[in-house]
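Residue strings, one per chain:
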Amino acid sequence: QVQLVESGGGLVQPGGSLRLSCAASGSHLNIDTMGWYRQAPGTQRELVAGVTSGGSTNYADSVKGRFTISRDNARNTVLLQMNCLKLEDTAVYYCNARNRATYYNTRDYWGQGTQVTVSS
């Protein structure tokens, strides 16, 4: 069982910055990948950025060059630094963690979501 606690959402003006944080806790933590997804009204949830335990990252094309994902493996936390925010970045952002119990058994866990609103 893994619990994810998210923080850092809020209201920001276009061009501004926010930092999202997600901390994982629970029993038998062996987290492989962590990432951030987002979902705007009327849209499907999409991957924003992900990072492996080894530090490899990937980003949605829409956020490349503006967002940076980082991870602290020792603290089981993942950060998403969001710069140059645009109106279209407005969404509920969800933390995701993939926990590996065994080689054959992985499970995805989700945070409750944090609202990011970009508005002038």
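Scroll up to find the structure this text is about.
Residues numbered from 1 in each chain as written. Predicted model: local features only at pLDDT ≥ 70, side-chain atom pairs only at ≥ 80, totals over all residues. Heavy atoms only, no water.

Draft legend 1. Highlighting the overall build of the protein. Helix and strand counts for the protein come out as zero helices and 11 strands. In sequence order, the protein lays out its α and β elements as β-β-β-β-β-β-β-β-β-β-β. For 120 residues, the compact-globule estimate of 2.2 N^0.38 gives 14 Å, and the C-alpha radius of gyration of the protein, at 14 Å, lies within 12% of that figure. Along the three orthogonal principal directions, the C-alpha set of the protein runs to about 45 × 25 × 25 Å. When burial is assessed residue by residue, the protein has 35% of its 120 residues classed as buried. In the protein, the proportion of contacts linking residues at least 24 apart, taken out of those at least 6 apart, comes to 54%. Accessible area for the protein stands at about 6,700 Å²; split by element, carbon and sulfur atoms hold 46% of it. Across the protein, the mean location of the 11 positive side-chain charges is 3 Å away from that of the 8 negative side-chain charges. (Helix = DSSP H or I, 4+ residues; strand = E, 2+ residues; numbered from the N terminus. Rg over C-alpha atoms; globule rule 2.2 N^0.38 Å. Buried < 20%, exposed > 50% of the residue type's maximum accessible area, 1.4 Å probe, protein only. Contact = heavy atoms within 4.5 Å. Areas by Shrake-Rupley, 256 points an atom, 1.4 Å probe, with all protein chains shown as cover. Lys, Arg positive; Asp, Glu negative; His and termini not counted. Charge placed at Lys NZ, Arg CZ, Asp CG, Glu CD.)

Draft legend 2. Structural view of the sheet that holds strand β3 (residues 18–26). With respect to topology, four strands assemble into an open sheet ordered β1-β3-β8-β7, the strand pairing being antiparallel. With partners counted over all chains shown, the strands left at the sheet margins are β1 (2–7) and β7 (67–72), one partner each. Across the sheet, the mean angle separating the axes of adjacent strands is 15 degrees when strand polarity is ignored. As defined by bridge partners, β1 adjoins β3 across six bridges and the pair is classed as antiparallel. (Pairing = 2+ DSSP bridges. Axes fitted to C-alpha atoms, helices over the stretch in contact; angles between N-to-C directions.)

Draft legend 3. Quick look at the environment of Trp36. Within the element layout of this structure, Trp36 appears in strand β4 (residues 31–39). Trp36 sits 57 residues away from Tyr93 along the chain, and the two C-alpha atoms are 6.6 Å apart.

Draft legend 4. How the structure looks around the packing of aromatic side chains. Under the defined criterion, the tally for this structure stands at two aromatic pairs. Aromatic pair Tyr37 and Trp110: ring centres 4.9 Å apart, planes at 65 degrees, arrangement edge-to-face. On the criterion of sequence distance, the pair formed by Tyr37 in strand β4 and Trp110 in strand β10 (residues 105–110) is long-range, its members being 73 residues apart. Among the residues examined, Trp110 registers a relative accessible area of 38% and is labelled partly exposed. Ring plane angle 85 degrees and centroid distance 5.0 Å describe the contact between Tyr103 and Tyr104, whose orientation is recorded as edge-to-face. Seen from the ring of Tyr94, Arg45 lies directly overhead, with NZ or CZ sitting 3.7 Å from the centre. (Phe/Tyr/Trp six-rings, centres within 6.5 Å; stacked < 30°, edge-to-face > 60°. Lys NZ or Arg CZ within 6 Å of the ring centre and 35° of its normal.)

Draft legend 5. Quick look at the pattern of salt bridges. Under the criterion given, the structure shown has seven salt bridges. Here Arg75 ties to Asp72 by a salt bridge, and the two come within 3.8 Å at their closest N and O atoms. Classification of Asp72 by relative accessible area gives partly exposed; the value is 29%. Taken together, the shared-partner salt bridges connect Arg38, Glu46, Arg66 and Asp89 into one network. (Salt bridge = Lys/Arg side-chain N within 4 Å of Asp/Glu carboxyl O.)

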